[in-house]
Amino acid sequence: MTQQRRQDDNFEERLLTRLKDEVAERGAAAARLEAEGASIATPAWRRRAPRVAFAGGAALATLATVIAINAGSDTGSKAFAVETQDGGGTTIKVNSPEDAPGLEAALEEAGIPAEIDWLPVGMTCREARYKPSTVKSPLGGSLSGGTMAGPGAAMTIGIMTAEQYGEISEQYRRGEISADELYDSKGNITLDPTEFDADQSVVIYGAPGASPDLSVIVNGPTGPYTVDPEGGYEAHFGIAEGPVEPCEPVKAPHGGSLEEMNRAIAEEAAERGIEPITPGTSPGRRGG
Amino acid sequence: MPNPPSALSRRLSVVAARERGVGPEQLSLIGLDADLFELFYREHVEAVGSFVVRRVGDRERAADLTAEIFLAAVDSAHNYRPRRGAPRTWLFGIARTLVANDGRRRNRQRAGEARLRGSALLDEDDAARMDARIDAAARSRQLYRAMDRLPKSERTILELVAIDELSLKEAAAAAGMHPATARVRLHRARRKLRTELESATRETSNEEDL
């Protein structure tokens, strides 16, 4: 009896018991979510038009064009929506930072190896976990990374070859498709699977709520906007060469409360003499 | 799109893991299935404990870190992909990151914030057992400290190979490096460390900068 007790009663066993409780709780929560499934209501912010902001700097060599994409579709209840384009390309609209494995699988199915981590509010991945690289963009030039943030489908990924993009642009020039349709298909990141080397992949990570990088919001092409109190998300993406270390979640530099974020944005905007856009007002469509 | 695993597939995973250990196919489920987690934990808890005491000479910190490493594994299992290495390699990758960042994190986030404090689970018998283990790993810790002046990338690979006795291939995967890059860095790290240790023995007042 005593021996039995000795065997079961040590640090490792006590730790195991606590960890198993934790896992069981998660398992139960996942099962509940699964059972609720489709009945989860779509938050209003996912149906609203987004604003898109790109981080400046080295990230986006030639992709200076920034487009607010249309998010008025009725597929907003899913974490992301996959659309196959007429010309053979694929567009993935990320509505909310959830279901990383699902998005990873969708990208991989479209020919893009991807590592995706969605984190809790206010968190980001520790930097420098992969070797940054560039790929040729089907739009011309090269692409290495960037940050997107906004209260809506901040990130839409277009997957197509340069030929497929050329064909869509031609259709637009001939007036067969609208500018909106052109923007919708190529998204705000456009990737050509044929340009990826065997050891290259796309790394995407982000979190719901405000962008940890305030400059993305304040310097974004849509101008400064206050953070949607109902949600929104920020996402970073980059091109990696070689293996990608697992994401180590760390506190984001500006991942504070919404109030803190909005105060900081308002101050920054006031300093520059500009008016911040508040959620609910029309962001308009921007391109160029 | 992958749906959450069904009860049946989870059961089958547990059966498979009982026979062959928790492999890459079952690993992503350890955060959701307590039985599968137990198998995974029992398979690795000793190695993780040794990993920690080869780097940390404090019993309480070692216990906290062991708990944090497994908690992080539970947290990130759903993001595991087989190309990130075998389960053990993946777990070592997590352990390495957490131990390396331990000092910084401890300043910022303390007792109350931690979800699960390993050190709170220690009793007197554990303490004696853990101390013996910590003593036995003294030499490894000495080596670990001697690596302090190596660049991070070189240090990482040397650490995994020399202290944790991973193969070069495993170590490269755990550190997220190409095996070829890892080989070059390991070579450089060994050379530098040898020089460093030799000069340290010869002349303690050597002020040479690295």
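Calculation notes
- Residues numbered from 1 in each chain as written.
- Chains lettered and ligands numbered in written order.
- Predicted model: local features only at pLDDT ≥ 70, side-chain atom pairs only at ≥ 80, totals over all residues.
- Heavy atoms only, no water.
- Helix = DSSP H or I, 4+ residues; strand = E, 2+ residues; numbered from the N terminus.
- Buried < 20%, exposed > 50% of the residue type's maximum accessible area, 1.4 Å probe, protein only.
- Areas by Shrake-Rupley, 256 points an atom, 1.4 Å probe, with all protein chains shown as cover.
- Salt bridge = Lys/Arg side-chain N within 4 Å of Asp/Glu carboxyl O.
- Contact = heavy atoms within 4.5 Å.
- Buried area = accessible area lost by both parts, 1.4 Å probe.
- Polar contact = N/O pair within 3.5 Å; in protein donor to acceptor, adjacent residues only side chain to side chain.
- Axes fitted to C-alpha atoms, helices over the stretch in contact; angles between N-to-C directions.
- Parallel < 35°, antiparallel > 145°, perpendicular 65-115°, else oblique.
- Left-handed = near helix turned anticlockwise from the far one by under 90°.
- Nonpolar A, V, L, I, M, F, W, Y, C, P; charged D, E, K, R; others polar.
- Core = buried A, V, L, I, M, F, W, Y, C linked by side-chain atoms within 4.5 Å.
- Domains from an automatic or database assignment.

In this section: the overall build of chain B. Secondary structure summary: chain B contains 11 helices and zero strands in total. The linear arrangement of helices and strands in chain B, starting from the amino end, is α-α-α-α-α-α-α-α-α-α-α. A burial count over chain B gives 49% of its 210 residues as buried. Surface exposure of chain B reaches about 10700 Å², of which carbon and sulfur atoms provide 50%.

With that out of the way, let us pick up the pattern of salt bridges. Applying the stated rule across the entire model yields 27 salt bridges over all chains. One salt bridge in this structure joins A:Glu22 and A:Arg26, with 3.3 Å as the shortest N-O distance. Residue A:Glu22 and its partner A:Arg26 are both found in helix H2 (residues 11-36); the two are separated by four residues, about one turn of the helix. The partner of A:Glu245 in a salt bridge is B:Arg96, with the nearest N and O atoms 3.4 Å apart. With A:Glu245 in the loop between strand S12 (233-241) and strand S13 (249-251) and B:Arg96 in helix H5 (residues 87-100), this residue pair bridges two chains. Accessibility assignment for this pair places A:Glu245 and B:Arg96 in one class, buried. A single salt-bridge network, built from bridges that share partners, covers A:Glu12, A:Arg14, B:Asp123, B:Asp126, B:Arg129 and B:Arg133.

Each side of the interface is counted separately: chain B has 47 residues, and chain A has 39 residues. At the boundary of chain B with chain A, total buried surface from both sides reaches about 3800 Å², with 54% on carbon and sulfur atoms. On the surface where chain B and chain A come into contact, there are eight salt bridges. Taken together, the connections running from chain B to chain A amount to 11 residue pairs in polar contact (both at pLDDT 80 or more). Mapped by element, the contributors of at least two residues to the side of chain B that touches chain A are helix H3 (34-53), helix H4 (59-76), H5, helix H6 (102-108) and helix H7 (124-136) of chain B. No other element matches the seven residues that H4(B) contributes to the side of chain B that touches chain A.

All names here are of chain B. In contact at an axis separation of 10 Å, H3 and H4 are set at 140 degrees when each is read in the N-to-C sense. On the basis of the axis angle, H3 is oblique to H4. Seen along the crossing, H3 lies across H4 with a hand that is right-handed. For the pair formed by H3 and H4, the contact residues are Phe37, Phe40, Tyr41, His44, Val45, Val48, Val52 and Val53 on the first element and Ala62, Leu65, Thr66, Ile69, Phe70, Ala73 and Val74 on the second. Within the contact of H3 with H4, the residues separate by chemical class into 13 nonpolar, two polar and no charged.

Here we come to the nonpolar core. Ranked by internal contacts, the top residues of the largest apolar core, which has 64 residues, are B:Phe37, B:Phe40, B:Phe70 and B:Trp90. Elements that contribute at least two residues to this core include exactly H2 of chain A together with H3, H4, H5, H7, helix H9 (152-163), helix H10 (168-175) and helix H11 (179-202) of chain B. Looking at this core, you find at least three residues from each of domain 1 (15-137) and domain 2 (139-210) of chain B. A:Phe80, A:Ala100, A:Ile116 and A:Val135 belong to the second-largest nonpolar core, a separate cluster that totals 28 residues.

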